[in-house]
Amino acid sequence: MAYTSNGATIEADEEGYLINITEWDEGLADQIAKDEGITMSPEHWEVVNFLREYYSEYQIAPAVRVLTKAIAKKMGPDKGNNKYLYELFPYGPGKQACKIAGLPKPTGCV
Amino acid sequence: MSMLHTVNKSPFERNNLDSCLGHAQPGDAILLIEDAVYAAMAGTAMAGKIADAAKTFRVHVLGPDLKARGGDPAKVVAGVTVVDYTGFVDLAARNKAVNAWL
Amino acid sequence: MDEMESGIVKKFMFVNRKAPHGTVYALEVLEMVLISAAFDQDVHLAFIDDGIYQIKKGQAPAEIGCKNFSPTYRALEGYDIEKLYVEAEGLAERGLTEDDLLVPVEVVSRAEMGRLMAEMDVVLTA
């Protein structure tokens, strides 16, 4: 499949994950989120930006368990828990937030 | 309990066999398969090393791989046992784990 | 998988002995290690022979068209995979010291590494 953003065609795999992560921008994130039934709020952005930082440091999208733990470490237990993250991303903070962040599907996602 | 180590590369090209011999524990089984069977043939520069190894480990060579490469099962390094495919299965079943030195 | 789901914890060791970019083995093993973390097993990583080069600092394979997965070894801690062993002899042979490595490891002799391997229930060497 593919997205159209600012007149450009951006390739994605059959599940909607970007083929080339450098083609991501915030406008595209809004668009992917809308397809997922999510309206981006500052709380959503906080997680998406966290994922992008994680990816840039470690070159992988983290497994949900690892993401939750890392968010708890950085932003505290109020945000680093399943309930909070699944409320923001009902189909899974790993799978859904990674897609919006333009990252591949998490490694270790089984 | 002992481990079965399989080695499948020629010792003249790669260091898999050396690494295996350096890590295996006394009494472990070693099975030379594919191109590693050259290590079991008598008269090569490796023969001494294999003969020594056979004093510490149970060293085997897979007959079909040996024959395929022109090796004579009657002329393997002393202390090395030739096994067939059934013997391979028995070795795998009789040891706690298999470590394939790829 | 049945044994894993029933809560039995086994000792796994992934033994890396190939350099990172010439073949795909190192990356494949790393992915397997990350996935294994989901099963709550007792995972050990060993770096011997050329496998030590997998965790050498300063890798920049972009120009040869390879993904730089070396930073991913630093993510292992977050996956609770913290039992990393490097063989002293292999390190010395390659002119390397612990300071040249991307992640904290325990440096052990070849003899100690052999004894560690013998304690494992499952060993995967590549």
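Report follows, based on the coordinates. Note that the structure is a prediction, hence the values are computed from the model and not measured.

**So, the arrangement of the chains**
In this assembly 2 pairs of chains touch, with chains B and C having more contacts than any other pair. No interface is formed between chain A and chain B, the nearest pair of C-alpha atoms being 24 Å apart.

**Here's the deal with the interface of chain A and chain C**
Residue-level contacts link 15 residues of chain A with 14 residues of chain C. Carbon and sulfur atoms supply 54% of the area buried between chain A and chain C, which totals about 1,200 Å² over both sides. If you look at where chain A meets chain C, you find 3 salt bridges. Arg-65 of chain A is paired through a salt bridge with Asp-80 of chain C; the nearest N and O atoms lie 3.4 Å apart. For the side of chain A that touches chain C, the secondary-structure elements that each account for two or more residues are helix H2 (42-58) and helix H3 (64-75) of chain A. Broken down by class, the residue content of the side of chain A that touches chain C amounts to 9 nonpolar, 3 polar and 3 charged.

**Some details on the interface of chain B and chain C**
If you look at the interface, chain B gives 16 residues, while chain C gives 17 residues. Summed over both sides, the interface between chain B and chain C buries roughly 1,400 Å², with carbon and sulfur atoms accounting for 47% of that surface. Linking chain B with chain C are 0 salt bridges, by the criterion used here. The tally of links between chain B and chain C comes to 10 residue pairs in polar contact (both at pLDDT 80 or more).

**Brief notes about the sheet that holds strand E4 (residues 81-83) of chain B**
Residue and element names in this part refer to chain B. Ordered in space as E4-E3-E2-E1-E5, the 5 strands form an open sheet in which the pairing is parallel. Two strands close off the open sheet at either side, each with one partner strand: E4 and strand E5 (97-101). Within this sheet the neighbouring strands show an average axis-to-axis angle of 25°, counted without direction. Where strand E1 (residues 3-7) meets strand E2 (residues 29-32), 4 bridges bridge the pair, whose relative direction is parallel. In the strand pairing of E2, His-5 is matched with Ile-30.

Calculation rules
- Residues numbered from 1 in each chain as written.
- Chains lettered and ligands numbered in written order.
- Predicted model: local features only at pLDDT ≥ 70, side-chain atom pairs only at ≥ 80, totals over all residues.
- Heavy atoms only, no water.
- Contact = heavy atoms within 4.5 Å.
- Buried area = accessible area lost by both parts, 1.4 Å probe.
- Salt bridge = Lys/Arg side-chain N within 4 Å of Asp/Glu carboxyl O.
- Helix = DSSP H or I, 4+ residues; strand = E, 2+ residues; numbered from the N terminus.
- Nonpolar A, V, L, I, M, F, W, Y, C, P; charged D, E, K, R; others polar.
- Polar contact = N/O pair within 3.5 Å; in protein donor to acceptor, adjacent residues only side chain to side chain.
- Pairing = 2+ DSSP bridges.
- Axes fitted to C-alpha atoms, helices over the stretch in contact; angles between N-to-C directions.

Keep in mind that these numbers describe shape and distance, not what the molecule does.
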